[in-house]
Amino acid sequence: VRTAATSFPWKAVITTDIHNAFGQVRWSDGLNAVVDHAPHLALALAALWTSGSIDVHTAGAAATIDTLTTFGSVIQGNQEGTQVFCMVMAEAARRAARDERFVRWQGQVLQWMYVDDWILQFPVEAVADIFGAVEDARLSLRMPLQRPRCSAHVPSFRATAEADLPASIRALAEIIPYAQA
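Notes on the structure in this doc start here.

Procedures and definitions
- Residues numbered from 1 in each chain as written.
- Predicted model: local features only at pLDDT ≥ 70, side-chain atom pairs only at ≥ 80, totals over all residues.
- Heavy atoms only, no water.
- Helix = DSSP H or I, 4+ residues; strand = E, 2+ residues; numbered from the N terminus.
- Buried < 20%, exposed > 50% of the residue type's maximum accessible area, 1.4 Å probe, protein only.
- Contact = heavy atoms within 4.5 Å.
- Salt bridge = Lys/Arg side-chain N within 4 Å of Asp/Glu carboxyl O.
- Core = buried A, V, L, I, M, F, W, Y, C linked by side-chain atoms within 4.5 Å.
- Polar contact = N/O pair within 3.5 Å; in protein donor to acceptor, adjacent residues only side chain to side chain.
- Pairing = 2+ DSSP bridges.
- Axes fitted to C-alpha atoms, helices over the stretch in contact; angles between N-to-C directions.
- Expected span 1.5 Å × (residues − 1).

**Description of the side chain of Glu 91**
Following the sequence through the fold, Glu 91 ends up in helix 4 (residues 81-98). Looking at Glu 91, the relative accessible area reads 11%, which means it is buried. If sequence neighbours within four positions are ignored, Glu 91 has contacts with His 37, Arg 98 and Leu 141.

Shown next, in the form of structure tokens:
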């Protein structure tokens, strides 16, 4: 991120912090992300997340049906929570990237994700489009921001008084805290 900020100092850098996955992502959204992007894990996670038991039926020898009863052993957001949340975050990025506002700036947006942090760098004039697409994608998955832990800045405006910032940056500062450094 620092290298990109140094290489493209005229671009906005937005750091978002999504409220921790634990208790925030619905079980069905997490499982849908797993089904879409790691289907071989779906059955195991579904079995782990159940609060009761699940009967797994398999074809046995001589045309019989064998039944294996599994019992959930962890609650969503425990040992597997980080990995599943990463898949849900990746789904949010995919949804944003399909948004026509985001597509307009394709090739001019850099993104980094670290579990619940989503960092983007893009041209200042794209703030409304990119941040709008990201917000809609994030909200479609019920992923609330931790606004006090989010920030926006444009390295080339480091010494610019807040009142002298471009209108697009001032508008963004109303949503996410603007950091001069």
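**Some remarks on the pattern of salt bridges**
Tallied over the entire structure, the rule returns ten salt bridges. When the shortest N-O distance is used, the salt bridge between Arg 94 and Glu 91 registers 3.3 Å. Of this pair, Arg 94 and Glu 91 both sit in helix 4, three residues apart, which is roughly one turn of the helix. Close ionic contact of Arg 147 with Glu 135 constitutes a salt bridge, the shortest N to O distance being 3.9 Å. Here Glu 135 lies in helix 6 (residues 127-140) and Arg 147 lies in the loop between helix 6 and strand 6 (151-153), a separation of twelve residues in the sequence. Here the salt bridges do not stand alone but share partners, grouping Glu 91, Arg 94, Arg 95 and Arg 98 into one network.

**Describing the nonpolar core**
Grouped together as the largest cluster of nonpolar side chains are 42 residues, with contacts concentrated most on Phe 122 and Ile 130. Elements supplying a minimum of two residues to this core: strand 1 (11-17), helix 2 (27-37), helix 3 (42-49), helix 4, strand 5 (117-123), helix 6 and helix 7 (167-173). The element that contributes the greatest number of residues to this core is helix 4, accounting for seven residues. Residues within four places of Phe 122 in sequence aside, it is in contact with Lys 11, Ala 12, Ile 14, Gln 108, Val 109, Val 127 and Ile 130. Ala 5, Val 13, Trp 112 and Ile 119 belong to the second-largest nonpolar core, a separate cluster that totals five residues.

**Points about the side chain of Glu 135**
On the accessibility criterion, Glu 135 (12% relative accessible area) is buried. One polar contact links Glu 135 to Arg 138, side chain to side chain, over a distance of 2.8 Å. For Glu 135, the contacting residues outside a window of four places in its chain are Leu 145 and Arg 147.

**A few points about the sheet that holds strand 5**
In a beta sheet, neighbouring strands are held together by backbone hydrogen bonds and run either parallel or antiparallel to one another. Read from one edge to the other, the open sheet built from four strands follows the order 4-5-1-6, with strand pairing classed as antiparallel. Here the strands that pair on one side only, and so sit at the sheet edges, are strand 4 (110-114) and strand 6. The sheet shows a mean angle of 10° between the axes of neighbouring strands, taken without regard to direction. Alignment of strand 1 against strand 5, held across seven bridges, turns out to be antiparallel. Bridge pairing in strand 5 places Lys 11 opposite Pro 123. Contacts from helix 6 reach strand 1 and strand 5, with the element oriented near 155° to strand 5.

**Thoughts on helix 6**
For an α-helix the count is 3.6 residues per turn, leaving residues at separations of three or four pointing the same way. Over its 14 residues, helix 6 runs 19 Å from end to end, which matches the ideal 20 Å to within 8%, given 1.5 Å per residue. Of all 14 residues that make up helix 6, ten are buried, and the element is covered over most of its length. Three or more residues of helix 6 are buried, namely Val 127, Asp 129, Ile 130, Phe 131, Gly 132, Ala 133, Val 134, Glu 135, Ala 137 and Arg 138. Once helix 6 ends, the next one or two residues include Arg 142, with phi positive near 55°.

So far we have only geometry, and geometry alone does not tell us how the molecule works.
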